[in-house]
Amino acid sequence: MQTPAPGEPLLVLDRVRKRFGTVVALDGLSLAVAPGEVVGLLGHNGAGKTTTVRLLAGLLAPESGTVRVGGGDPVTDGPDVRARMGVLPAALVVDGRLSARQNLRFAADVFGVPREGLATRIDATLALFELADRADEKVSGFSSGMRQRLSLARVLLPDPEVLLLDEPTSALDPVAARQVRRALARLAQDRRRTIVLCTHDLAEAELLCDRVVVLEQGRVVADGRPVELAAAHGTGGVQVEVASADVDRAVALLAEVSEREVDRDGNGRIRTTGLPREAIPPLVGRLVAEGVTLYEVRRLDPSLEDVYLALHAGRIGARGPAVDGEAADQGMGEVGGGRVEDVGRTVRP
Amino acid sequence: MNLRAIIAVVRRDLVVVMGSRSVVLPALIVPAMLLVVLPALAGLAPVLLGSVSAADMFRVLEALPPEASERLTGDPGTQAAQLAVTYLLAPMILIVPVMFATVIAADALAGEKERGTLEGLLLTPLSDRELMVAKLAAAWVPAVVLGLAGSILYATVANIVVVPQTGRLILPTPEYAMMALWVGPTFAAAALGAIVLVSVRSNSTQEAFQLGGVVVLPVVVIVITQATGVVLLSVPLLLMSGLVALALAAVLLLIGSRALSRTRMGEKLG
């Protein structure tokens, strides 16, 4: 793997197509990531995120198109490419029958981490991920969050130039997830590491990523800085807080004026997106006219979540009616089907 | 070749295997039975039971090649004890390297899939060839070392039991040395080749071990034919057996290494 010339991308997928049997995982995907850039890959299960990561790591060969990492082919130049790459797959990379320290020692040896000061480096990494007191215990006794932290520690120990992270905070509690995000932010800002982050957590993508790429059915459907995408695709929304006795009426009124789902919590707060700014005054007028007791009205700025839902709603609208949450949980075999993310707390009166 | 990385994989696999009760217990019990109890009983039985007549032994000696019968000395009971431990049961030592190669390789290859650690291993900088070398070495080297240790153990037990009757060491014979140093390692290599092929289709260690268990059959056939006197293993025959096993290992490993290429395994990660 070579350091690209100024202005040249470090990671390139050019019109890449990949199928598994009859299922098309990537359908002419093109993507370029510059050195030091943090790119978020967003998309439902089966959108092609994991396939993209595996192609970049040389675990899969494209059916057509080209994949380059630092100018090298990840399949034919695999050892060189992977030596400078840290990949956290969806599956854990640590061995349950080894201790945390043995797992890190193994990673250090296979990635060629210098032997000098290695023990100290391993201790420091274990401490960073709050695993120092369990360093010599077998990983099989760890919780899923601890295993995830150890997997991340193993990936980061060799200090790779490129990080491909598939859902790095998915199994972590909020505190641990925050620590990991901070560590990733430091790597990106201080050490200018190139990071591709596959995530379902839109707030995480908004926080960490210079650029987000939304994939659907193996294609890029949006690509840009989060604020640019929000400006281009997001409409923002509104949050109102009403008396608890008026929640149902308020939800019904919001559902009439919004194209999106209406969410509510248990404290009388109701929220919807997909509502332009100019629609808010008439909405407030109607709520008051209907006798709804209003405590607060707040305009929501366009967010990445808003963008994502807008893009997805557009796609589904173009294909036909949305399918239920069960279909959303299905894997790659359902690539061709329309799906919506199961938002759980959503209500539709 | 990235030796440090290869050694790391070998060391990790051995640590994992040594920590597995399902591997360690049979690994202790089977050799103890085959290489200690069996030769001790076989060596002592004719003396203890005193049931071997000169006429019986004469017929047996007549059926043996001259170079074999000349090595059997002493009274008929002693000759029977020597025959049992130096010829009839000696091929048992081949079971140890084949068994260990099979068990460790099944764990090292199919076990990675079962434990969900395969993707993590494929994401390391090891080339396909280095990964294959590491996995094969992790199984073959300990299998051969344990096979040689088993051979020494068997010879020691046999000598302890029979030397008081013969007054001289009865093992190793040239055939025995050939089995320990040549046939055992080559049979272990062939067993590895079979397990590599089986591991392509297996998703668990148990499945790979069951499918690959068939590799022990040639050894069992040799033991039975030798024990029943159908074939008496000679140095040329053993040399040929090892060569056949080596050729088989080369073919199986070549096919297996293609099937276990990184991108092929990547397609099956799910």
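Think of each chain on its own: its residues are numbered from 1, step by step along the sequence as written. Chains and ligands are labelled by the order in which they are written, letters from A for the one and numbers from 1 for the other. Totals for whole chains, interfaces and linings use all residues, but because this is a predicted model, local features are given only for residues with pLDDT of at least 70 and pairs of side-chain atoms are given and counted only at 80 or more.

All names here are of chain A. Most of strand 6 (residues 162-166) sits inside the fold, with five of its five residues counted as buried. Residues with at least 20 other C-beta atoms within 10 Å of their own are called buried, those with 12 or fewer are called exposed, and the rest are partly exposed. The C-beta atoms themselves are positioned from the backbone. In this description a helix means any DSSP run of H or I spanning at least four residues, a strand means any run of E spanning at least two, and both kinds are numbered starting from the N terminus. Burial of strand 6 is two-sided: the residues Val 162, Leu 164 and Asp 166 facing one way and the residues Leu 163 and Leu 165 facing the other way are all buried. Pairing between strand 5 (residues 85-88) and strand 6: four bridges, direction parallel. Paired with Met 85 across the strands is Val 162, a residue of strand 6. Strands were regarded as paired on the criterion that DSSP finds at least two bridges between them.

Residue and element names in this part refer to chain A. Ordered by their spatial adjacency, three strands build an open sheet running 2-1-4, and the pairing between neighbours is antiparallel. Strands with a single pairing partner mark the edges of an open sheet, and in this sheet they are strand 2 (23-33) and strand 4 (64-69). Across the sheet, the mean angle from the axis of one strand to that of its neighbour is 25°, orientation sign disregarded. As defined by bridge partners, strand 1 (residues 11-20) adjoins strand 2 across eight bridges and the pair is classed as antiparallel. Counterpart to Phe 20 in the pairing with strand 2 is Val 23. With respect to the sheet, helix 1 (residues 49-56) is in contact with strand 1, strand 2 and strand 4, its orientation differing from that of strand 1 by roughly 120°. The axes are straight lines fitted to the C-alpha atoms, using for helices just the contacting stretch, and the angles between their N-to-C directions are given from 0 to 180°. What counts as a contact is two residues whose backbone-derived C-beta atoms lie within 7 Å of each other.

All right, on to the sheet that holds strand 6 of chain A then. Residue and element names in this part refer to chain A. Taken in spatial order, the six strands line up as 5-6-7-3-8-9 in an open sheet, and their pairing is mixed. The open sheet has two free edges, formed respectively by strand 5 and strand 9 (219-224), since each of these has just one partner strand. The sheet shows a mean angle of 15° between the axes of neighbouring strands, taken without regard to direction. Across four bridges, the pairing between strand 3 (residues 38-42) and strand 8 (residues 211-216) is parallel. Counted as the bridge partner of Leu 42 is Val 214 from strand 8.

That is the geometry; function is a separate question.
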